[in-house]
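Secondary and tertiary structure notes
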Amino acid sequence: MDKPSMSFSDLKKLYATTKIFQDKKVELCYSNDIIQVKSMKVKDKKEFLKCVELKDDEQIEKNIDVLIEKYCMDKNGEPINPKKLVENERQQLLVELRANSSDLSTVTIPHQCIKCQHIQEFPLKTDYIVVNNFKNPEGYDGFIDLAKDRIKVKLGQLNRQDNIDVGEYIKNAKLTNDHDTKIVFLAATLKEIYIQEDDVSIPVDLKIAEKVAFIENFNLNDLEKIETYFEKIEDYGIKIVLKEKCQKCGEDTQEDINVIRFFMN
Ligand SMILES: [Zn+2]
């Protein structure tokens, strides 16, 4: 008797409907939003590696957008906008996506001991992944009072869309010196602007060009208030730190693994 035959599409369907890895819940390091991360297909990793090989930064960013749109959802299962995420969150999702797509211990990282030069391959562990969430500096709530408390601004990190807007502004205005470009970046950190009247805060919605003009008219003291806030923010985000002992001499070894290198493995 002939066995029933199965087609390529049956085979693909069977594979696609099998959940090999569970979705992982991840708390974003900046916004604290909960994101569900799925596991990734070989072909999408291949696409990404191609851009990395070409060292095309813009294409790498676009590819990260695609990966996030395809494999990350908010807590209600709705798609998320990768352009609303700050750089550290995008890196975080890239690492979590890679970590949730295969058994990490099969990935090894070569490491040379700083004491005896012995080279050893260490299998990766999820323990190496450390996430520090963003914190406002001590004494700050993210808002800064300006113009003798008559204006209040909410400061924030630049997301991918902000960075695109800033890049376009700098290009169109043909800005070349560091001071001018810094002002544009600082202007983009003004997330919300309010006029304080009696006890009411009235929001003012400004475009990037208007924010630049606004900040250029600050007195130095107000500009310094904003700079000081950003200087005081501690590093946050995801880090992959290989922490082991050398097999040969017992020296404690530690190495920060680059996010892209981790993803490519
Ligand atoms: Zn050693």
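Residues numbered from 1 in each chain as written. Predicted model: local features only at pLDDT ≥ 70, side-chain atom pairs only at ≥ 80, totals over all residues.

1. Focus: the overall build of the protein chain
- When you go through the protein chain residue by residue, the secondary structure sums to nine helices and 12 strands.
- A globule of 265 residues ought to have a C-alpha radius of gyration of about 18 Å, yet the protein chain, at 23 Å, is considerably larger.
- Per-residue burial for the protein chain yields a buried fraction of 18% across its 265 residues.
- The contacts of the protein chain with a sequence gap of at least 6 include a subset with a gap of at least 24, amounting to 63%. (Helix = DSSP H or I, 4+ residues; strand = E, 2+ residues; numbered from the N terminus. Rg over C-alpha atoms; globule rule 2.2 N^0.38 Å. Buried ≥ 20, exposed ≤ 12 C-beta atoms within 10 Å, placed from the backbone. Contact = placed C-beta atoms within 7 Å.)

2. A look at the sheet that holds strand S7 (residues 143-146)
- If you trace the four strands from one edge of the open sheet to the other, you get S7-S8-S9-S10, paired in antiparallel fashion. This sheet does not close on itself; its edge strands, each paired only once, are S7 and strand S10 (200-204). Pairs of neighbouring strands in the sheet enclose a mean axial angle of 30°, with direction left out of account.
- In terms of strand pairing, strand S8 (residues 151-155) meets strand S9 (residues 190-197) through five bridges, oriented antiparallel. If you follow valine 153 over to S9, its bridge partner there is isoleucine 193.
- In the packing of helix H8 (residues 220-232) onto the sheet, contacts are made with S7 and S8, and the angle to S7 comes to roughly 165°. (Pairing = 2+ DSSP bridges. Axes fitted to C-alpha atoms, helices over the stretch in contact; angles between N-to-C directions.)

3. Brief notes about the environment of glutamine 254
- Tracing the backbone shows glutamine 254 in strand S12 (residues 252-257).
- Excluding residues within four positions of it along the chain, glutamine 254 makes contact with Val241, Leu242 and Lys243.

4. Thoughts on the nonpolar core
- In this structure, Val37, Leu67, Tyr71, Leu93, Leu94, Val95 and Leu97 are the most contacted members of the largest nonpolar core, which totals 22 residues.
- Sorting the residues of this core by element identifies strand S2 (34-37), helix H3 (57-71), helix H4 (87-99), strand S11 (237-245) and helix H9 (259-264) as the ones contributing at least two each.
- The leading source of residues in this core is H4, at five residues.
- Setting aside anything within four residues of it in sequence, one finds valine 95 in contact with Ile129, Ile238, Ile240, Val259, Phe262 and Phe263.
- Listed in part, the nine residues of the second largest apolar core include Val153, Tyr169, Ala188 and Val212. (Core = buried A, V, L, I, M, F, W, Y, C linked by C-beta atoms within 7 Å.)

5. Here we look at the domain arrangement of the protein chain
- If you check the domain split of the protein chain, you get domain 1 (18-132 + 238-264) and domain 2 (143-232).
- The straight-line distance from the C-alpha centre of domain 1 to that of domain 2 is 32 Å.
- Taken together, the contact between domain 1 and domain 2 spans eight residues of the former and five residues of the latter.
- In the side of domain 1 that touches domain 2, the residues fall into four nonpolar, no polar and four charged. (Domains from an automatic or database assignment. Nonpolar A, V, L, I, M, F, W, Y, C, P; charged D, E, K, R; others polar.)

6. Side note on H4
- Under the 1.5 Å per step criterion, the end-to-end length of H4 is 18 Å for 13 residues, consistent within 8% with the ideal 18 Å.
- Counting buried positions over the 13 residues of H4 gives 12, a clear majority of the element.
- For H4, every residue scored as buried is listed here: Asn88, Glu89, Arg90, Gln91, Gln92, Leu93, Leu94, Val95, Glu96, Leu97, Arg98 and Ala99. (Expected span 1.5 Å × (residues − 1).)

7. A few points about the pairing of strand S1 (residues 24-27)
- Summarising the sheet, S1 and S2 pair through four bridges and their orientation is antiparallel. Opposite lysine 25, over in S2, you have glutamine 36 as the bridge partner.
- Two successive antiparallel strands, S1 and S2, enclose a turn made up of six residues, where asparagine 32 displays a positive phi of approximately 65°.

8. As for helix H2 (residues 42-54)
- In this model, H2 (13 residues) spans 19 Å end to end at C-alpha, consistent with the 18 Å of a helix rising 1.5 Å per residue.
- Of the residues trailing H2, lysine 55 is marked for its positive phi of about 55°.

9. Here's the deal with the sheet that holds S1
- Strand order in the open sheet made by the three strands is S1-S2-S3, with antiparallel pairing throughout. Each of the sheet's edge strands pairs with one partner strand only, and the pair in question is S1 and strand S3 (72-74). Averaged over all adjacent pairs, the angle separating strand axes in this sheet is 35°, with direction ignored.
- Summarising the sheet, S2 and S3 pair through three bridges and their orientation is antiparallel. When the bridges of S3 are listed, glutamine 36 appears paired with methionine 73.
- Strands S1, S2 and S3 of the sheet are contacted by H4, whose axis makes an angle of about 35° with S2.

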